[in-house]
Structures are given as structure tokens and as C-alpha cells.
Amino acid sequence: MKIRKAVIPAAGFGTRFLPATKSQPKEMLPVIDKPLIQYCVEEAVQAGIESIAVITSRGKSSMEDYFDRSPELEQFLKEKKKLDFLQEVREISKMAEFVFIRQKQALGLGHAILMAEGYVGQEPFAVLLPDDIFDCPRPCIQQLTDAFLEFKASFLVLGRVDEEGTKKYGIVKPKQVSERVFQVEDMIEKPGPEKAFSDLGILGRYVFTPEIFEAIKKTAPDKKGEIQITDAIKLILEIQPVYGYLFEGIRYDAGDKFGFLQATIELALKRPEFSQKLRKHLESLLSLTE
Ligand code: G1P
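The following paragraphs examine the structure supplied in this document. Everything numeric here is computed off the predicted structure, so don't read it as measured data.

Quick look at the side chain of Thr219 now. Tracing the sequence through the fold places Thr219 in the loop between helix H8 (212-218) and helix H9 (229-237). A distance of 2.7 Å separates a polar atom in the side chain of Thr219 from the backbone oxygen of Ala215. Aside from chain neighbours lying at most four places away, what touches Thr219 is Ile227, Gln228, Asp231, Ala232 and Leu235.

Dropping the structure here:
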């Protein structure tokens, strides 16, 4: 069954990025010239997703405006004959069908995904966390949706993490099935190096069967009162196999200040209009510090 729908949880406070996120959504911070959230929307669309539900919260309505038409701006650009911008601005609202659902209380990632139950219905769906920007030969979420089609089971994207990463990500206990596919035997949320089962961390892309919603409802809140998606996936493990896919490509944690800087510089180096200029500039900065 083809995956047609995606859910993008974007309701958090963006505390790692304060003060910039005090009065604007983290997901709208621009990496070069596009807001963070647009990178994962484009990734989903490239993978064949047709409809996207964004989970939002109070103070984040600029995301809704961004993915809507903007007739006044379009008229202005038309009159000024700025046709490239006009085209680009128009394309944004046409990329997919967009639905916005409010999470009224910040009760965790699992709870945010549960908000999409009515929207998703009884079909498998993708989840993309906008903090992660993936730069991959095949869109990262498509690596998961292709694997889903083969195995007909939920998939999590996996990456190798260092000791620090065991404190930042869910970690799986893997049983290797093929070069990139691992059956998940167990998992633990941010265990730290001592309790980590492996160096395989869960990154921000998932494909779920609709059973995840019942599992989230049965999941008890953690110590902070949040319903973690990792705990809900653990319940799914009791009734269905779940797999991890070691993705091929590069990933930036752009929800973190340093990761955001890395993403900005590396993605700019790949853009033809900046590449040479930026490389030269970076080289001159480095020669000053030598
Ligand atoms: C969430 C998940 C965690 C996963 C991470 C990926 O954590 O709970 O298992 O490794 O996303 O980015 P959060 O980043 O919301 O703390």
C-alpha cells in the first residue's frame, strides 16, 4: 500500500533555539532562504507524499500562512515583473494538500502524533521531524517508504551515534537482517552510554502502521509527564515487527544551534550561486586563524 500521508510535528517551544524562538516558530527559521520546515515538506513530496498534516500550537500560525496562497504578494511580484520569485512563491502552496492540527498542550512527541489520528485514519503514514535536514541520494523518507513496501511493517530511520548521541536519541537493540535493515528487538529513550543497547540511534523519520495510535493511547507518560513515541513503539513490538533502516546520506540536526550553522554552511557550499564565494571566504577566514 502506497504511503500518501505524512505528519510533521511542529508544536514544540523550540527551547534549544531561544531567544530566536521566543515569538516565532523554530520551524520558520530560514536555512539559507527556506524555512526549516520546507526542507522536510520537499523531502516528503519528492517521496510521493500527497497530503501533509502539520501539528502546531499557539503562536505558530505563520506556518499556515506560509503554505497558503499569498494573492497580494503574488500581484505585487507580477506588477514588478519578478517572475522567478512569483513562480517560487506560487509553488509553495501547491506542493501538497496541507492540513493544520493544534496540539493544545505540550504533552510529548507521542501525544503530538496522536493528534493526527482522525486525519490519518486506517492507513500507514510517514512522520518527519523538521529539526532534521537530510541530504541524501534518495530522499530519506523514501528510503523508509520503499522499505515499508517490501516488509509491510513500521520503520524507523537509524544513524550511528557517538556517546553524546546516546543521551540525545532513542537507541535500538538491533538484529541485522540485511546491510541496512535491522529488526528492532527493544529500544530505550535517551539512555546514555552505559544503558545503550547499541550505537544505532533513532533519527527524525518514521513510517508507522495505524496501530501506533492505539499504542500511544496505552502509553503511560514519562517522568516529565510526556508521552514518548519510543514507549509507544515498544508496545507495537509486542504485536508486530518493527524495523530500522540505516539511511544513506547526510543528516543535520538543525534544531540545535551548532547543527543549524553546519547545515547552513554545508548546504550553501552545495548551492552554485554561493559555492565559490563562500569557499573562498571560509578559506580566507581560516588562513587568518592559522
Ligand atoms: C525524539 C524521539 C527520539 C528520537 C529523536 C530524533 O526526541 O523521542 O527517540 O531519537 O526525536 O530526533 P526529541 O528530539 O523530540 O527529544
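Picking up where we left off.
For the pair helix H3 (residues 71-79) and helix H4 (residues 83-94), interaxial distance at closest approach is 8 Å and the crossing angle is 160 degrees. Our classification of the angle between H3 and H4 gives roughly antiparallel. Our pair here, H3 against H4, has a crossing hand that is left-handed. Residues Leu73, Glu74, Leu77 and Lys78 of H3 form the contact with H4, whose participating residues are Phe85, Leu86, Val89 and Arg90. The class makeup of the residues in the contact of H3 with H4 is five nonpolar, no polar and three charged.

Enumeration according to the criterion identifies 22 salt bridges in this entry. Here Lys5 makes a salt bridge to Glu123, at a shortest N to O gap of 3.5 Å. Of this pair, Lys5 sits in strand E1 (residues 5-9) while Glu123 sits in the loop between helix H6 (117-120) and strand E6 (125-128); the two residues are 118 residues apart in sequence, bridging distant segments of the chain. The pair formed by Lys5 and Glu123 is uniform in burial state, with each residue classed as buried. For Lys60, the salt bridge is made with Glu27, and the minimal N-O distance between the two is 2.9 Å. Taken together, the positions of Lys60 in the loop between strand E4 (51-56) and helix H2 (62-66) and Glu27 in the loop between E1 and strand E2 (30-31) put the pair 33 residues apart, joining distant regions of the chain. Like Glu27, Lys60 is buried.

Within the fold, Gly225 resides in the loop between H8 and H9. Gly225 sits in the partly exposed class, given a relative accessible area of 32%. Spatially, the C-alpha atoms of Gly225 and Lys167 are 19 Å apart, while their sequence positions differ by 58 residues.

Before going further, it helps to examine the nonpolar core. Ile37, Ile52, Ala126 and Leu128 are the most contacted members of the largest nonpolar core, which has 39 residues in total. For this core, the elements supplying multiple residues, two or more each, are E1, helix H1 (36-46), E4, E6, helix H7 (140-151), strand E8 (154-160), strand E11 (200-208) and strand E12 (242-246). At five residues, H7 tops the list of elements feeding residues into this core. If near-sequence neighbours (up to four positions away) are discounted, Leu128 is found in contact with Ala6, Val7, Ile8, Pro9, Cys40, Glu43, Ala44, Ile141, Gly204 and Arg205. Formed by 35 residues, the second largest nonpolar core is a distinct cluster that contains Val120, Ile216, Ile233 and Val242.

How each quantity is defined
- Residues numbered from 1 in each chain as written.
- Predicted model: local features only at pLDDT ≥ 70, side-chain atom pairs only at ≥ 80, totals over all residues.
- Heavy atoms only, no water.
- Helix = DSSP H or I, 4+ residues; strand = E, 2+ residues; numbered from the N terminus.
- Polar contact = N/O pair within 3.5 Å; in protein donor to acceptor, adjacent residues only side chain to side chain.
- Contact = heavy atoms within 4.5 Å.
- Axes fitted to C-alpha atoms, helices over the stretch in contact; angles between N-to-C directions.
- Parallel < 35°, antiparallel > 145°, perpendicular 65-115°, else oblique.
- Left-handed = near helix turned anticlockwise from the far one by under 90°.
- Nonpolar A, V, L, I, M, F, W, Y, C, P; charged D, E, K, R; others polar.
- Salt bridge = Lys/Arg side-chain N within 4 Å of Asp/Glu carboxyl O.
- Buried < 20%, exposed > 50% of the residue type's maximum accessible area, 1.4 Å probe, protein only.
- Core = buried A, V, L, I, M, F, W, Y, C linked by side-chain atoms within 4.5 Å.

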